[in-house]
Each structure stands twice: as C-alpha cells, then as structure tokens.
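Next come the chains, spelled out residue by residue.
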Protein chains: 2
Amino acid sequence: MSELRKDPITDRWVIVSTERGKRPSDFAPVPPPGKVALCPFCYGYEGKTPPEIFCIREPGTAPNTKGWHVRVVPNKFPALRVEGTLEREGIGMFDKMSGIGAHEVIIEHPTHEKRFWDYTVTEIERIIEAYIQRSTDLKKDFRLRHLLIFKNEGDQAGASLAHSHSQLIATPVVPKRVREELDGVARYYAYKERCVFCDILREERRFGERVVFENDHFTAFCPFASRFPFETWIVPRIHRAEFASLESREKNPLAEALRTTVRKLNEALNGPQYNWILHSAPSKSDGRDRWEDYHWHIEIIPRLTKIAGFEWGTGFYINPTPPEDAARYLSEEEGTGSVGIT
Amino acid sequence: MSELRKDPITDRWVIVSTERGKRPSDFAPVPPPGKVALCPFCYGYEGKTPPEIFCIREPGTAPNTKGWHVRVVPNKFPALRVEGTLEREGIGMFDKMSGIGAHEVIIEHPTHEKRFWDYTVTEIERIIEAYIQRSTDLKKDFRLRHLLIFKNEGDQAGASLAHSHSQLIATPVVPKRVREELDGVARYYAYKERCVFCDILREERRFGERVVFENDHFTAFCPFASRFPFETWIVPRIHRAEFASLESREKNPLAEALRTTVRKLNEALNGPQYNWILHSAPSKSDGRDRWEDYHWHIEIIPRLTKIAGFEWGTGFYINPTPPEDAARYLSEEEGTGSVGIT
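All values derive from a computational prediction rather than experimental measurement.

Thresholds, definitions, all that
Residues numbered from 1 in each chain as written. Chains lettered and ligands numbered in written order. Predicted model: local features only at pLDDT ≥ 70, side-chain atom pairs only at ≥ 80, totals over all residues. Helix = DSSP H or I, 4+ residues; strand = E, 2+ residues; numbered from the N terminus. Rg over C-alpha atoms; globule rule 2.2 N^0.38 Å. Buried ≥ 20, exposed ≤ 12 C-beta atoms within 10 Å, placed from the backbone. Pairing = 2+ DSSP bridges. Contact = placed C-beta atoms within 7 Å. Nonpolar A, V, L, I, M, F, W, Y, C, P; charged D, E, K, R; others polar. Expected span 1.5 Å × (residues − 1). Least-squares fit on C-alpha atoms with pLDDT ≥ 70 in both. Axes fitted to C-alpha atoms, helices over the stretch in contact; angles between N-to-C directions. Core = buried A, V, L, I, M, F, W, Y, C linked by C-beta atoms within 7 Å. pLDDT = per-residue confidence, 0-100. Parallel < 35°, antiparallel > 145°, perpendicular 65-115°, else oblique. Left-handed = near helix turned anticlockwise from the far one by under 90°.

Bringing the overall build of chain A into the picture now. Looking only at helices and strands, chain A has six helices and 15 strands in total. Taken over the C-alpha trace, chain A has a radius of gyration of 20 Å; the compact-globule value for 342 residues is 20 Å, and the two agree within 12%. Judged by the C-alpha coordinates and their principal axes, chain A covers about 50 × 50 × 40 Å. A buried classification covers 49% of the 342 residues belonging to chain A.

So, about the pairing of strand β12 (residues 232-236) of chain B. Residue and element names in this part refer to chain B. With five of five residues buried, β12 lies mostly within the body of the structure. Alternating residues of β12 divide into Thr232, Ile234 and Pro236 and Trp233 and Val235, and every residue in both groups is buried. The pairing of strand β11 (residues 218-221) with β12 spans four bridges and is classified as antiparallel. Within β12, the residue paired with Ala220 across the bridge is Ile234.

Each partner contributes residues to the interface: chain A has 75 residues there, and chain B has 75 residues. Looking at the side of chain A that touches chain B, the element that brings in the most residues is helix α2 (residues 176-192) of chain A, giving seven residues. Tallied by class, the residues present in the side of chain A that touches chain B amount to 40 nonpolar, 19 polar and 16 charged. Strand direction decides the pairing type here: strand β2 (residues 13-16) of chain A and strand β15 (residues 317-319) of chain B, joined by three bridges, are parallel. Within the sheet, the bridge partner assigned to A:Val14 lies in β15(B) and is B:Tyr317.

All names here are of chain A. With 18 residues, helix α1 (residues 121-138) should cover 26 Å at 1.5 Å per step; its first-to-last C-alpha distance of 26 Å lies within 8% of that length. Within α1, burial applies to Val121, Ile124, Glu125, Ile127, Ala130, Tyr131, Arg134 and Ser135. Those residues of α1 hidden inside the fold are in contact with β3 (54-57), β4 (68-74), β7 (102-107), β8 (146-153), β9 (165-171) and α4 (248-269).

Both copies of the chain are related through a single rotation about an axis accompanied by a shift along the same axis. Rotating chain A by 180° about the axis while translating it 0.0 Å along that axis superimposes it on chain B, leaving an RMSD of 0.0 Å. The symmetry that links the two subunits is that of a two-fold axis. Closest to the rotation axis within chain A is the C-alpha of A:Ile307, separated from it by 4.6 Å. Comparing interface residues between copies, 100% of those in chain A also sit at the interface in chain B, which points to an isologous, same-surface contact.

Now for the sheet that holds strand β5 (residues 88-91) of chain B. Sheet strands pair by backbone hydrogen bonding; their relative direction is either parallel or antiparallel. On the basis of which strands lie adjacent, the open sheet formed by five strands has the order β15(A)-β2(B)-β1(B)-β6(B)-β5(B) and mixed pairing. Where the open sheet ends on each side, the last strands, each with one partner, are β15 (317-319) of chain A together with β5 of chain B. Strand-to-strand, the axes of this sheet are offset by a mean angle of 30°, without reference to chain direction. Both strand β1 (residues 3-6) of chain B and strand β2 (residues 13-16) of chain B contribute to a ladder of four bridges, which runs antiparallel.

With that settled, consider the sheet that holds strand β8 (residues 146-153) of chain B. Residues and elements named next belong to chain B. Taken in spatial order, the ten strands of this open sheet run β3-β4-β7-β9-β8-β13-β14-β12-β11-β10, and their pairing is antiparallel. Two strands lie at the open edges of the sheet, namely β3 (54-57) and β10 (211-214), each paired on one side alone. Geometrically, the sheet is characterised by an average inter-axis angle of 15° between neighbouring strands, direction not taken into account.

A few words on the nonpolar core. Core analysis: the biggest nonpolar cluster contains 186 residues, and A:Ile106, B:Ile15 and B:Ile106 have the highest contact counts within it. Aside from chain neighbours lying at most four places away, what touches A:Ile106 is A:Val70, A:Val72, A:Ile127, A:Ala130, A:Tyr131, A:His165, A:Ser166, A:Gln167 and A:Leu168.

Residues and elements named next belong to chain B. You can see Asn75 is positioned in the loop between β4 (68-74) and β5. The class for Asn75 is partly exposed, based on 18 C-beta atoms found within 10 Å. With 29 residues separating them along the chain, Asn75 and Glu104 place their C-alpha atoms 4.9 Å apart.

With that settled, consider the confidence of the model for chain A. All names here are of chain A. With 93% of its residues at a pLDDT of at least 70, chain A reaches an overall mean of 90. In this model residues 338-342 is a low-confidence stretch, pLDDT under 50, and it forms nine contacts with partners more than four residues away in sequence or in other chains. Both scores are available for the predicted complex, with the pTM at 0.92 and the ipTM at 0.89.

Here we take up the environment of A:Ile128. All names here are of chain A. With respect to the helices and strands, Ile128 occurs in helix α1. Along the sequence, Ile128 and Val70 sit 58 residues apart, while their C-alpha atoms lie 10.0 Å from each other. In this structure, Ile128 is in contact with Lys251, Leu254 and Ala255, ignoring residues within four places of it in sequence.

What follows is about the pairing of strand β5 (residues 88-91) of chain A. Residues and elements named next belong to chain A. As defined by bridge partners, β5 adjoins strand β6 (residues 94-98) across four bridges and the pair is classed as antiparallel. Paired with Gly90 across the strands is Asp95, a residue of β6. Where β5 folds back onto β6 in an antiparallel hairpin, the turn is made up of two residues, including Gly92, whose phi is positive at roughly 55°.

We now examine unusual backbone geometry. Despite not being glycine, A:Phe230 shows a phi value in the positive range, around 70°. Following the sequence through the fold, A:Phe230 ends up in the loop between β11 (218-221) and β12 (232-236). By C-beta crowding, A:Phe230 is classed as buried, having 28 other C-beta atoms within 10 Å. If you check the backbone angles, B:Asn270 has positive phi at about 60° while not being a glycine. Looking at the secondary structure, you find B:Asn270 in the loop between α4 (248-269) and β13 (274-279).

So, on to the packing of helix α1 (residues 121-138) of chain B against α4(B). Residue and element names in this part refer to chain B. Closest axis-to-axis distance for the α1/α4 pair is 9 Å, and the angle between their directions is 110°. On the basis of the axis angle, α1 is roughly perpendicular to α4. With respect to the hand of their crossing, α1 and α4 are arranged in right-handed fashion. Of α4, the residues touching α1 (which contributes Val121, Ile124, Glu125 and Ile128) are Lys251, Asn252, Leu254, Ala255, Glu256, Leu258 and Arg259.

This part is about the environment of B:Pro63. Residue and element names in this part refer to chain B. Mapped onto the elements, Pro63 comes out in the loop between β3 and β4. When the C-alpha atoms of Pro63 and Ile53 are compared, they prove to be 9.4 Å apart, with ten residues separating the residues in sequence. Residues contacting Pro63, with those up to four places away along its chain left out, are Glu52 and Cys55.

Here is the structure:
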C-alpha cells in the first residue's frame, strides 16, 4: 500500500509509492509508443482490465463483455486503494497515513483512435453520466473527503495510455490547493455576501472580451489571471457547490459547452495536449457548512509552456498570451462541428 | 511592459506578457536545437548580450569583453523590467499592476559544453559570489519585495538556451507559495518556539536514512514528504533567514555541497534535467519582523515525472520513489570527483 506523507512546513500531503518504488533506471527515457498491439481499453479486450465498476452498455449485454459505450474500471496501478483501514501515524516529527482512497479510470469511448474532440454530444453526455454516478457512489464512503475528476490528454500532459480516458481519484484528506480555493471563496463571501464565481461570471459576460462560448446554462472564458496560454474555464451559471448535483436538463448543455470548447482549442492549437480538472466541493464537510459558497466548474489547461524553476519556486506563472488574445483566437474558430446532431 | 494580474479567488499573481503576446502558431513544436552556430552566452560573444551588470573577470580586462569567469546580464526577453513606475489599477472586480521587477541571467561559465556537474569547487564559489552580490544590490530597490534565484537545466526543465546559466527574478509582490512557506514557518515557531527547518535537520540527521551528503556547514537530504523522485534539499546548519548573509567561510562548503549533490544526481540518473530553487526570506519585511524565523535553503528537483491533471487540481503529488530509496541510491554514488582540487 502507498503512504500519505505530510510536509511539516506547508501542510502539503504527498502520495509516496512505498511498495514498488521506482529505481533510477526506471526513469530512462522511453521512445514514444507507436501503434500498440494490445490496448486494454479497446473494445473486445474487456478482460484485460480489472472488472468494471460502472458501465453504460446496450441492454442485454453482460458486464465485462462487448456492447458498452462508457466503462469505469479501477486503475490497475492505483495511487490509492479502497481496501484497508485508514491508519494515522507519527514518525518523530513527521506525519503519515495509509494510502486509502479510490483511483478509477473512465474509458470514454470504445474506439481507440477517437479523441475527445471527435465525440458527439450524446457520447459526451454518457461520460458526464458516468462521472455523476461514480461521484454519487463514492460520496457514501465516509473515509473519503475529496474526489477529483480529471483528464490527461497526451503524454506530456501525463497520459500513459493513448486510448482516450479520464480519471477519478478520491483522497482521505482535502488537498491543499482545494482548501485554498475554498478559503478564497469563503473570504470573498464573508466580505461581499456574494459568490466570487458568480461575480466573475457577471464581469466576464459584461466585458465580453474573454468569453469563448456560451449557451443557456454555461459560459466558457479565458480567466483574467490565466496562468497558462489558452487556459479556459467552463462555469455553470446556476450557483451550485457540487458537480454531482447537476440536473438532467443541464447535461446536454454541459456536453455541448465541453465539446465546443475542446474543439475550438483543437482547431486553434492543432491537436494540443491538455489537462482538464473538474473542481467541485469536497464530499465531506469536516463539520462545516461553508462549502455551499463554492461554485463547481471545469478548468482546461493546454500544455503549451514548460513549468520551470521560477514557477516551482513561487507559484507565480508567466503567461505569454494575454487571455483577451486567446479568447479572440478561440472565438474565431468554428468549434461547432456537428453539435446537436448525434 | 508586461502586467501582473491577481486571481480573485486564490490571490495568486500571474505575469501576463501583453506587448508581444504569443499567437497559436508560436506554440507549434520546434525540433530540439542541434549545435548552435552562435551562442550569445559564449566566450568572445560578449557583445551579443545586453551590457553586463556584474562580472568576475581577470584583472585589467574591460567590461563586455573576454577575460570573464562569471557574467550577470539582464535577460534579453525579461518577464519583468526595472524601468518604469509601479502602477496599481482595478478593472471592474479585477486587480492588476505594472510588470516592474528584475530579470537577470547568471552566465555560469565561459565554456558552452560544461554542465554544472563539471565545474570545480572554485568555479561554483564564483557563481555563489555573483548570487550574493546581485541579491545585495537588488535589495536596495524599495519596489522589489522578493528575489528568486533558480536554475533550469534542460529544455524539459524550461531552459531555452543550452549554455549553462541560472536566473534571478525580483518581483514587486511576495509570491503566494513563498508566503505560504513563511506562514508555515511562523505557525510552527508560534507553536514550538523553534525553527521548523532546524527541527527537520535534527530529525533527518538522527534518522540518517534520507541523508545524501554532509559537510561541516551543510546537509543534503531527500525530504520526508518529497513531491518528486530524487528531490533533494541542501540546508545550512546555521539558522539564517537570508542567503545573502552567508559568511565567507561558508562559501566553500556550500560550493562543495552543491557540487557533490548535483554530481551524485548526475551519476544516479545519467544526466537528468532538473530545476533548483534558492529559497530565501523576502527582501522587504512588509513591516513585519517574522522573516527571521525563516531558514534559507536550496531545493533541487530532477524532472523525471510528468505533472498531470491530479497534481494541477489538488497540489497533491504522487511520488513513485520513496525518499529513503532515493537517498540510498544517491549515497552509493561517489559524487566527489575532484572535490577540493580546483
């Protein structure tokens, strides 16, 4: 089992893989994979993954066989595991706990070659449904405090398998950056009696110059203090703390907003590598009710610049493309493709 | 001039290059540079950089000509500039200020091919002297609140020129991550009446299993909650907030500790790309005297793993090599080379 260790200076937690530690030779550069002979996420190879936890499949088909649209399976090499008890321990002045958590893979589509920007709105709606179902289920595990859904597209963005997938990691502590965002939201609320994301939405829609796409329920924009070139956020206009409380009628607009934004990024940047992160309130409240101030959203980060010493040392980012320019380039792209036609 | 913009949620500042914004086509992948015909950092090409700010050179040689050992010049494409006044402005709910600061390059050695691990102790002592001189000088500029010295080695680590160099960026605000570390140190001090770094040093030396190298003044170790495989810190055993207050007798031991640690990393990891960051107390005290709690040190981060969505979303790192293993591999390496022989 892996271990969670706490940095005594900044209270930052780190997951340390203690059982199969990588040796120096494991970091030797490997050539980028060509066409893989066997992809465990491919249609017809369902037996090559751990058994599915959740699946949207054709009526009458059996679990772990063909007939699926979206499959959720445990990560074969998980950072954290559901099995075991949460042990907390001090070692001298240092603190650690056992690596309890969940690490799941959402296999988004049966076809190996399709990227997210190739999907139809209906296909994306199914992926959203899988996210909601897994979030709702994992929330019941009292040991898990926070759940993160994210996507790594491309090897520079951290994807280890080319077949398009997203991931979910649930942790037994609320991570530092999440807590920081929650604190910022609470501070703003205490000062203004308003949600900072609702205010940002209002300002961005008023200025207009950083807005990339909009439908009746969602606005996509490049934020004023974008850390990265072409960083784009998708924010629901209805204030709601948790992603999993999304209403049925919002699923189609969310799928459309995601699809259009990712397609625009693809058209402007020609197949960029990227990450997206779904920011949602923690599942456990730590006895506090302030999470209701929070406003869930999605942050998309194209991986165009390198993170160097200055960024590591300060958390200060140097963004070479003003968000106003990025939004203008993205607005000029069609992005729609066959929206609505599913 | 670039702009500093503040994220309204987390108070994080970002430097936005507004004057020569990069277009989508500027991010197209470029092939790694081969042998460059003209390197502006090379011996004999002193006229290809902006005029030198500081230089250690042979007696009797003129500025911006041959005869130098270490040269400090302004960055030709600076993230921040010294010229101008610090203007602060609100735009609707958003905050920005002008991009005042300093961005300098420390050209470490006349020879293009030498890496840091090839330098003699004497050569490294000269580089340390340049860091001290520039830190002391920039501290006098009342607009600059914090100064970061760092090194990017390799293109994946953010280096844009192959000739070995380090950089210095001074900012008009104390960056968020720095403030976070300062807050952590102050919190620990308030609770224990002791410096957290002094306590960590004591614990690491008592356990021994994470120590990589040690001389009379410095200890190099892989920290208990290492974020990255083979992350190594070099910490002075004398408690001192600012790097620039280093005493003359400590320069040689620091050069030895840096050289040995970087050589060990090179031997274990076969020419790794890496960043190092010199963490020192901010130059301006913001009217507070608590910076004296701080303990300057150097953090070295080999770039062996990819930062993916999970890390961006949470600030939670997954480290596949336990620091105890990393320290054991590094201890087994010689690292000394021709230490002492200069």
